[in-house]
Amino acid sequence: MFEKIVLASGNTGKLREFSRLFAEKNIQILPQSDFNVPECPEPYLTFVENALAKARHASKHSGLPALADDSGICANALGGAPGIFSARFAGNNPKSDAANNAKLSAELANQADQSCYYVCVLVLVRHEHDPQPIIAEGIWRGTWQPEAAGTNGFGYDPHFYVAEHHKTAAELAPEVKNAISHRAQALNELMGKISAAQSQT
């Protein structure tokens, strides 16, 4: 069913990660830059709608199946914020991990509930108008830690405390994080659904 899939992202780290995993199934992952795919608007208020929009957009411009993800961090005390706005929580001029972390720390400073969770939604479409996109979701629960710790991660990782490992996400070894993170969980679910879909063809 799938021989080549376009990744609806310009992130080289994601490209490496997805390429390695899909190679095990003899599926080639191609960056959307190979097809001059323009930036896709993300006007929706849910991870799944934005991921679906990006996947359909990349498939439209490439003529191939496309994979997209949308992810972010959600604080329970803030009603799930920053959520889909995680990458630009503190604004776009320019986007800054440090500014985003400082803003979230400030907004949680007087909250009794410091629990938070990462979300990753993956959407794979066979073609632009696919009526049955393959959708997978991963959720990684933790606690917000005001003091940054660790240098391995990015984004909110230095403040995302994982109780069972007694470390922040940024203090975890990459192989540990890559086995338990929200993206790892979503990928595992997605690969299972792809295998099931391929066995039916």
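Values in this document were obtained by computation on a predicted structure and should not be read as measured data.

The rules we used
Residues numbered from 1 in each chain as written. Predicted model: local features only at pLDDT ≥ 70, side-chain atom pairs only at ≥ 80, totals over all residues. Heavy atoms only, no water. Helix = DSSP H or I, 4+ residues; strand = E, 2+ residues; numbered from the N terminus. Buried < 20%, exposed > 50% of the residue type's maximum accessible area, 1.4 Å probe, protein only. 1 Å grid on protein atoms, 1.4 Å probe; cavity = no way out; pocket = protein on both sides within 12 Å on 5 of 7 lines; lining within 4 Å. Points joined across faces, edges and corners; volume = space filled by probe spheres on them. Nonpolar A, V, L, I, M, F, W, Y, C, P; charged D, E, K, R; others polar. Salt bridge = Lys/Arg side-chain N within 4 Å of Asp/Glu carboxyl O. Pairing = 2+ DSSP bridges. Contact = heavy atoms within 4.5 Å. Right-handed = clockwise from strand over helix to strand, strands pointing away. UniProt positions renumbered as here; feature names shortened; annotations may be inferred. Polar contact = N/O pair within 3.5 Å; in protein donor to acceptor, adjacent residues only side chain to side chain.

A.B. asks: Can you walk me through the overall build of the protein in this structure?
C.D. replies: When you go through the protein residue by residue, the secondary structure sums to 5 helices and 7 strands. Each helix (α) and strand (β) of the protein, taken in turn from the N terminus, gives the series β-α-β-α-β-α-β-β-β-β-α-α. Projected onto its principal axes, the C-alpha coordinates of the protein cover approximately 55 × 35 × 25 Å. Here the protein holds 201 residues, and 45% of them are scored as buried.

A.B. asks: I keep staring at the layout of surface pockets and nothing clicks. Help me out?
C.D. replies: Rolling a probe over the atoms, with the probe sized like a water molecule, indicates the empty space that remains. Each pocket or cavity is described by its volume, and for the largest pocket that value is around 1300 Å³. Around the largest pocket sit 43 residues that line it, and N11, K14, S71, A87 and R183 are the ones nearest its centre. Of all elements in the fold, only α1 (12-23), α2 (47-62), β3 (66-75), α3 (97-108), α4 (174-180) and α5 (182-199) reach the threshold of two or more residues within the lining of the largest pocket. In terms of residue class, the lining of the largest pocket is built from 12 nonpolar, 18 polar and 13 charged.

A.B. asks: Just to check I follow, could you spell out the pattern of salt bridges for this structure?
C.D. replies: Between side chains of opposite charge, pairing is possible as soon as their charged atoms come close. On inspection of all chains with the given rule, the structure shows 7 salt bridges. A salt bridge links D69 to K14; the shortest N-O distance between them is 2.9 Å. Pair noted here: D69 is in strand β3 and K14 is in helix α1, with a separation of 55 residues, a long-range link. Residue classification places K14 among the buried positions, given a relative accessible area of 18%. Counted as one network, the salt bridges with shared partners bring together K14, D69 and R183.

A.B. asks: Looking at this structure, I do not really get the sheet that holds strand β4 (residues 115-125). What am I missing?
C.D. replies: Strand pairing in a sheet relies on backbone hydrogen bonds, with the paired strands running either antiparallel or parallel. Reading across the sheet, the 7 strands line up as β2-β1-β3-β4-β5-β6-β7 and stay open at both edges, with mixed pairing between neighbours. Since the sheet does not close on itself, it has two edges, and those belong to β2 (28-31) and β7 (167-168), each with one partner. With 2 bridges joining them, strand β6 (residues 160-162) and β7 adopt antiparallel strand pairing. The residue of β7 that forms the bridge with V162 is K167.

A.B. asks: It is not clear to me how the pairing of β2 should be interpreted in this structure. Could you clarify?
C.D. replies: Two faces belong to every sheet, and in a regular strand the side chains alternate between them. Bridge count for strand β1 (residues 4-7) against β2 is 4 bridges, and the pairing is parallel. Bridge pairing in β2 links I5 to I29.

A.B. asks: Is there a simple way to think about the environment of D130 in this case?
C.D. replies: Within the fold, D130 resides in the loop between β4 and β5 (134-144). Here D130 is in contact with R56, L124 and V125, once residues within four sequence places are set aside.

A.B. asks: Explain the pairing of β1 here, please?
C.D. replies: You can see the chain leave β1, run along α1 and come back into β2, and the turn it takes is right-handed. Note: β1 against β3, 2 bridges, orientation parallel. Looking at the pairing, V6 lines up with A66 of β3.

A.B. asks: Mind showing me how you'd approach the UniProt feature "binding site: Mg(2+)" (unreviewed entry) in the protein here?
C.D. replies: This chain's UniProt record puts "binding site: Mg(2+)" (unreviewed entry) on D70. If you trace the backbone, D70 turns up in strand β3. Ignoring any residue separated from it by four or fewer positions in sequence, one finds D70 in contact with E42, T46, F47, N50, A51, K54, I84, V119, C120 and V121. Of the polar contacts made by the side chain of D70, one reaches the side chain of K54; its length is 3.1 Å.

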